[in-house]
Amino acid sequence: MIDAMSPDIFHDALARARAHAPFLAQLLDREPELADSLMRGLLPDLGLVSSIDPDLPVGRALRLARQRLALTVAIGDLAGVLDLTAVTGALSAFADRALDTAIRAAIAERTPDAAPIGFAAIALGKQGSHELNYSSDIDPILIFDPDTLPRRGREEPGDAAVRIGRRVIELLQARDADGYVLRVDLRLRPSPEATPIVLPVDAAISHYESAALPWERAAFIRARAAAGDLTLGWRFLAAIQPFVWRRALDFGAIRDIRAISKRIRDHHAQGQALGPGYDLKRGRGGIREVEFFAQIHQLIHGGRDPLVRAPATRDALAALARQGWIDADDAAALGDAYTLYRTIEHRVQMVEDRQTHMLPTGQALDSLAALHGMADGGVLLAALAPHVARTDRVYAALEPEEQPGLSLDRVTLAGELAAAGFAGETASRAVERIEQWRAGAYPALRSPAARGALEAVLPGLTRALGQAADPAAAILRLDRILAKLPSAINFFRLLEANPPLAVLLGAILSHAPPLADALGRRPDLFDALLDASALDPVGDVATLAGQMAPRGAGTPYELVLDHARRVVGEQRFALGVQLVAHAADPLEVAGGHARVAEAVIGVIARATIDDFAAAHGTVPGSELVILALGRLGGGVLTHASDLDLIYLFTGDYAAESVGPKPLGAVLYYNRLAQRLTAALSVPTPAGSLYEIDTRLRPSGTQGPLVVSMTAFDRYQRESAWTWEHMALTRARPIFGSGAARAEAQGVIDAVLGGARPERDLAVEASAMRADIATHKPPAGPLDVKLLPGGLVDLEFAVHLTQLAYRAGLDPDLGRAIDDLVARGLVPPALRGAHDFLTRLLVINRLVAPDGGVPGTATQALIVAAMGIDDWPGLVARLDATRQEVRDAWQLAIERAGNGID
């Protein structure tokens, strides 16, 4: 019971309730003790008054609790003691509690001894935003986890979930003399006409990631896990967060919201204008338009600005104004209007406990005004009028002008293609291909909305593809993308609204098959290019790791992996686009690829260690260390690079982990490393990461995957071959504590500094290079890695010199060459050769991965990226560079052969 207040305000509220609200009058008669408390100016605690009696049957206990809360909230509202936030908050909290109680009861009835897990309710709409109406239904989505849901005997999880769901609805909706608890509307779930009332969580995630309709994004702005297994509910919401908050505008969702508003205005024409019978929810300038105004701006800006992701309408308006996205006066005016609308809406619903939003007519309107404390219906309408006018004016400003149809007939299409740059047979094939799209050749193109979006974008798209270096290849690759898309609507609308993106798409489709393939798997990758920063260099390792890391503590392992994979896919795609768009030096892009790889290794390694430790504990005084070698060690990767890694562990190899399932240290770390390698390399629906190569570990494929630091040190000092020491010149620790990394670096420094067997370096290095040439010949005339005088020869020259002179020991090959040049140990031309060959390797791996001579259009892209005037000039430069490298390699062999080691 809260502090007593003046009984007079309650006397007046109670009198108005009895005179003008039959439902409230009935409740006052049914709850005499509560009515007496209110008459004495005592407003009960809202949580206590709606407590659920455990000694009564669940359904009746919930109905009685709802009855007491409805009366208390109504009188507190009418007396002015409870504001709109308190009213909707109390109603929403009770809805959560009732839904949770019903879920627990439904599970307990079927499986009495089972924990109430594996079944969750996701609150949408006003329940989700804690803004529930006085007499409202709830719009949950019910999900279940087949692995944890309690069920009987041989019962299938899906059947059990549906039976639980039906019982939940029955408990909440059943009516008797005590009324009902809540009306439940499950139609916001995916394809409600075809799907069961309770969805498997993985199927629901898959739907929202790949096949959801645009309007569903707006619905999830206000979503939260409200009842049942909350861990399951929040896991589901975390998984679909990228679907809800996209960095780019979802034009489909925005158009759908506007279309819904237009249909509401047309369908509910009789309640559109303010007056008796006005529809507070659907009328022009009413509740729905305030909500839609906020949601449209949240969809536009929320992907990039997390501060505007407030679920509640008034909070969202305030946040949008604070961030400068909407006019502050408009936000304040709409917030005031919303408060008044919702308050009057509650008065309408208090009269008969009906879910209605329309003002009554005649004497009933005067009675409603009196319930609110006004003289008559005219005064009420006058109070609403300025708010309705302002809301109508603000919302109407969002509506775009009607666009004429853009459909082109076949003859006109052929003319447009010819004008765009398609010629001869290429134009004919393009017409045939586009006509197939129009006919719904692929699932993504079969809905009227998809075909409409295609027609809208077609003129601009044909012009963009006609400007592409290779229009025929571009349209063929676009066809492959469309064949794989679950829905093409937003893809087309994105291109329609951003013509420069269509031109960039043409370049990607013409030149970069890996990027085109990535778009086919994940068309949302294209969204990121809307951001002006998309073509900036990627951040440092720590920044990237922060973007890849899980959003909150307790995020399930698989969701951590999927989130990291998505971020890596976006970053690798953006780096590839930087090359195609000539927005970055290929050397900068190569460094970005390496930072992305190092960051994701750290994030996934930490997640894998934590998950593994849950079962097997940790090894006291010991930890995993990861060494990067090869191009990753040197900090320069291409789009297609694999990752050369060595796994080590510190501490005593004879130790044992402390945990539920203890393991010896050697077995512990080998199993851990197997899981980590799989996490980094196994393809999943969220994308694949990298090929992992661990053959540089001690004893190669014949040895264990992980060895102790002590064993690694001993092997490198006593048993490693020259080629292994050459590989060690680009080794660097990238994962482990500071102390563990320092220990590993100490081993590397000691070995490269001379703590290794004496060998004939020149002979062994020459033999190894010859063996590579025999077993891995160049793939083509542009295989700048394996060609004589290519990058392999350059690396051999540098590494042989590093080992022979114990100098220039930097894993960054460019810096190592600079040091060796300064010492007079390699020719000065070698640094320029390194940069030229590396740039050419990076760009070729993306646009000419087979090492062959590309088409004329792609040749132009390569020479532009290399800063060379034309293709003959590039070929001449390549020939001269290769000769410089061959000379440097021969010089390194001769010098090392003089017995220096």
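Some thoughts on the pairing of strand β8 (residues 643–649)
Two faces, one strand: in a regular strand the side chains alternate between the faces of the sheet.
Piece 1. Where burial is concerned, most of β8 is hidden: seven out of the seven residues are buried.
Piece 2. With six bridges connecting them, strand β7 (residues 624–629) and β8 associate as antiparallel partners. Among the inter-strand pairings, L629 is bridged to a residue of β8, identified as D644.
Piece 3. Alignment of β8 against strand β9 (residues 692–693), held across two bridges, turns out to be parallel. When the sheet's bridge partners are listed, D644 is paired in β9 with D693.
Piece 4. Looking at chain direction, β8 and strand β10 (residues 706–708) are connected through three bridges and run parallel. Residue pairing in the sheet places Y647 in a bridge with V706 of β10.

Here's the deal with empty space enclosed by the protein
Piece 1. By the definition in use, this model includes eight cavities of 30 Å³ or more.
Piece 2. Taken as a whole, the largest cavity holds about 120 Å³ of empty space.
Piece 3. Going through the elements one at a time, α5 (58–78) and α6 (84–110) are the ones with two or more residues in the lining of the largest cavity.
Piece 4. It is α5 that contributes the most residues to the lining of the largest cavity, three residues altogether.
Piece 5. Residues belonging to the lining of the largest cavity are distributed by class as follows: nine nonpolar, three polar and one charged.
Piece 6. In this model, the second largest cavity occupies a volume close to 70 Å³.
Piece 7. Looking at the lining of the second largest cavity, the elements with two or more residues in it are α28 (630–634), α34 (791–805) and α36 (829–847).
Piece 8. The residue inventory of the lining of the second largest cavity, partitioned by class, reads three nonpolar, three polar and three charged.

Some points on the packing of aromatic side chains
Piece 1. In the structure shown here, the tally under the stated rule is five aromatic pairs.
Piece 2. Judged by centre distance (4.9 Å) and plane angle (80°), the rings of F612 and Y668 are edge-to-face. With F612 in helix α27 (residues 586–616) and Y668 in helix α29 (residues 665–681), the pair connects residues that are 56 residues apart, well separated along the chain.
Piece 3. In this structure Y668 comes out as buried when scored by relative accessible area, which is 3%.
Piece 4. Ring centres of F796 and W889 lie 5.7 Å apart, and the angle between their planes is 85°; this geometry places the pair in the edge-to-face category. With a gap of 93 residues between them, F796 in helix α34 and W889 in helix α38 (residues 871–896) connect regions that are remote in the sequence. By the burial criterion, F796 is buried, and W889 matches it.
Piece 5. Linked through ring pairs, F612, F649, Y668 and Y669 together constitute an aromatic cluster.
Piece 6. Lying across the ring of Y180, R66 places its NZ or CZ 4.7 Å from the centre.
Piece 7. Across from the ring centre of W721, 5.2 Å away, lies the NZ or CZ of R759, which sits over that ring.

What counts and how
Residues numbered from 1 in each chain as written. Predicted model: local features only at pLDDT ≥ 70, side-chain atom pairs only at ≥ 80, totals over all residues. Heavy atoms only, no water. Buried < 20%, exposed > 50% of the residue type's maximum accessible area, 1.4 Å probe, protein only. Helix = DSSP H or I, 4+ residues; strand = E, 2+ residues; numbered from the N terminus. Pairing = 2+ DSSP bridges. 1 Å grid on protein atoms, 1.4 Å probe; cavity = no way out; pocket = protein on both sides within 12 Å on 5 of 7 lines; lining within 4 Å. Points joined across faces, edges and corners; volume = space filled by probe spheres on them. Nonpolar A, V, L, I, M, F, W, Y, C, P; charged D, E, K, R; others polar. Phe/Tyr/Trp six-rings, centres within 6.5 Å; stacked < 30°, edge-to-face > 60°. Lys NZ or Arg CZ within 6 Å of the ring centre and 35° of its normal.

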